[in-house]
Amino acid sequence: MQACVLHAVGDLRCETAADPKPHADEVLVRVGACGVCGSDIPRVFKTGTYKFPLIPGHEFSGTVVAVGDDVDAKLVGTRAAIFPLIPCGKCSMCAQKKYAQCANYDYLGSRSNGAFAEYVCAPEWNVLPIPDHLSLEEAAMTEPAAVALHALRQGAIQGSEEVCIVGAGPIGLLVAMWATALNAGIVMLADIDGRKLDFANKLLPDAILLDARERAIGEEVRSITGAGADLVVDATGSAPGVAQCLHATRPFGRVVLLGNPEGDMTLPKDAYWAILRKELRLAGSWNSSYDPARRDDWRIVIEFMANSKLNVKPLITHRVGLPDLFSAMEKMRDRAEFSNKILFVND
Ligand SMILES: [Zn+2]
Ligand SMILES: [Zn+2]
């Protein structure tokens, strides 16, 4: 098959790779689409994957084309989103079904081969079938949409609340779309990048966009809400972004930290005081919940996409084949042109 294989940091080659063969509990998936995640940029250009050579790509969908010995052959032909995390099943977190906190997990696209390829293997447990009317491109957005939803659930969002999201990148924008879909009273979305705000404006006509270059976010949010927002989500992973979140939250409000840190996170003293004086509640958010027996983040995403309460299609700004994937990622790294979600599409 053709695949984009990472041989060393910065060395991603589109080449012929061995056809994957499913183990007994696995299925073979023909990849439909796979998104480039923000985390793929440092993974490919800075830190590398856990081993080389390895095929990255973890935000994907596809069609089951073959099954291992222990899997029901009826699954062949199933169109699905695939949960990329493979839990160990033995640790205390797995016993509580907190798979994102598994002590010894495997991960498609960082520890094992992922979906920047024509085919990929995944355990049957990780396969989440999708309704016929959902496209594989939409299904490839399930992972980032679940990550965004998870942050709001970590913040215990209630309908009619005032919600502010700092950072209008692909995930921040999805958080704002979810806040809207979950009937927040006011949705505010802040950024320092005018192109991101323009893009957000088209997708979320009812959200209030805050240009953080013009005015401090905290001031702006208080001028809209009075005391500050009930729930504020950091989707920047930057220390100034987090400080702004703390200033934008009302007394006794909640702050969710979602963005991956860009470096050491040092807070100015007045931002730290805000946590104390306003008795803020801080929550971290990591990955998403996945549990076939429950209405987990993944099933809620599929449900909302299927009944058109969450429309992720306009988030896709670029579609590329495997030969063009590396240069698309270079452009994303260099911010050479505006992008939201770049998808590898396996036509
Ligand atoms: Zn991701
Ligand atoms: Zn585990």
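Criteria and cut-off values
Residues numbered from 1 in each chain as written. Chains lettered and ligands numbered in written order. Predicted model: local features only at pLDDT ≥ 70, side-chain atom pairs only at ≥ 80, totals over all residues. Heavy atoms only, no water. Donors = N, O, S within 2.8 Å, 3.2 Å for Na, K, Ca; no water. Helix = DSSP H or I, 4+ residues; strand = E, 2+ residues; numbered from the N terminus. Axes fitted to C-alpha atoms, helices over the stretch in contact; angles between N-to-C directions. Parallel < 35°, antiparallel > 145°, perpendicular 65-115°, else oblique. Left-handed = near helix turned anticlockwise from the far one by under 90°. Contact = heavy atoms within 4.5 Å. Nonpolar A, V, L, I, M, F, W, Y, C, P; charged D, E, K, R; others polar. Salt bridge = Lys/Arg side-chain N within 4 Å of Asp/Glu carboxyl O. Buried < 20%, exposed > 50% of the residue type's maximum accessible area, 1.4 Å probe, protein only.

### Section: the coordination of the zinc ion (ligand 1)
- Taken together, the protein ligands of the zinc ion (ligand 1) are C37 (SG) and H58 (NE2), with distances of 2.2 to 2.3 Å. Separated by 21 residues along the polypeptide, C37 in the loop between β3 (26-35) and α1 (40-47) and H58 in the loop between α1 and β4 (59-67) bring together distant segments of the chain.

### With respect to the packing of helix α8 (residues 239-248) against helix α9 (residues 269-277)
- Contact geometry for α8 and α9: axes closest at 9 Å, N-to-C directions at 40°. Compared by their axis directions, α8 and α9 come out oblique. Once α8 is placed against α9, the crossing between them reads as left-handed. Contacts between α8 and α9 involve A243, L246 and H247 from the first element and D270, A271, A274 and I275 from the second.
- Tallied by class, the residues present in the contact of α8 with α9 amount to 5 nonpolar, 1 polar and 1 charged.

### Notes on the pattern of salt bridges
- If you walk through the whole model with that rule in mind, you get 17 salt bridges.
- One salt bridge in this structure joins K341 and E59, with 2.8 Å as the shortest N-O distance. In this pair, K341 sits in strand β17 (residues 341-345) while E59 sits in strand β4, placing the two residues 282 residues apart along the sequence. When sorted by exposure, K341 lands in the same class as E59, which is buried.
- The network of salt bridges with shared partners includes K97, D291 and R294.

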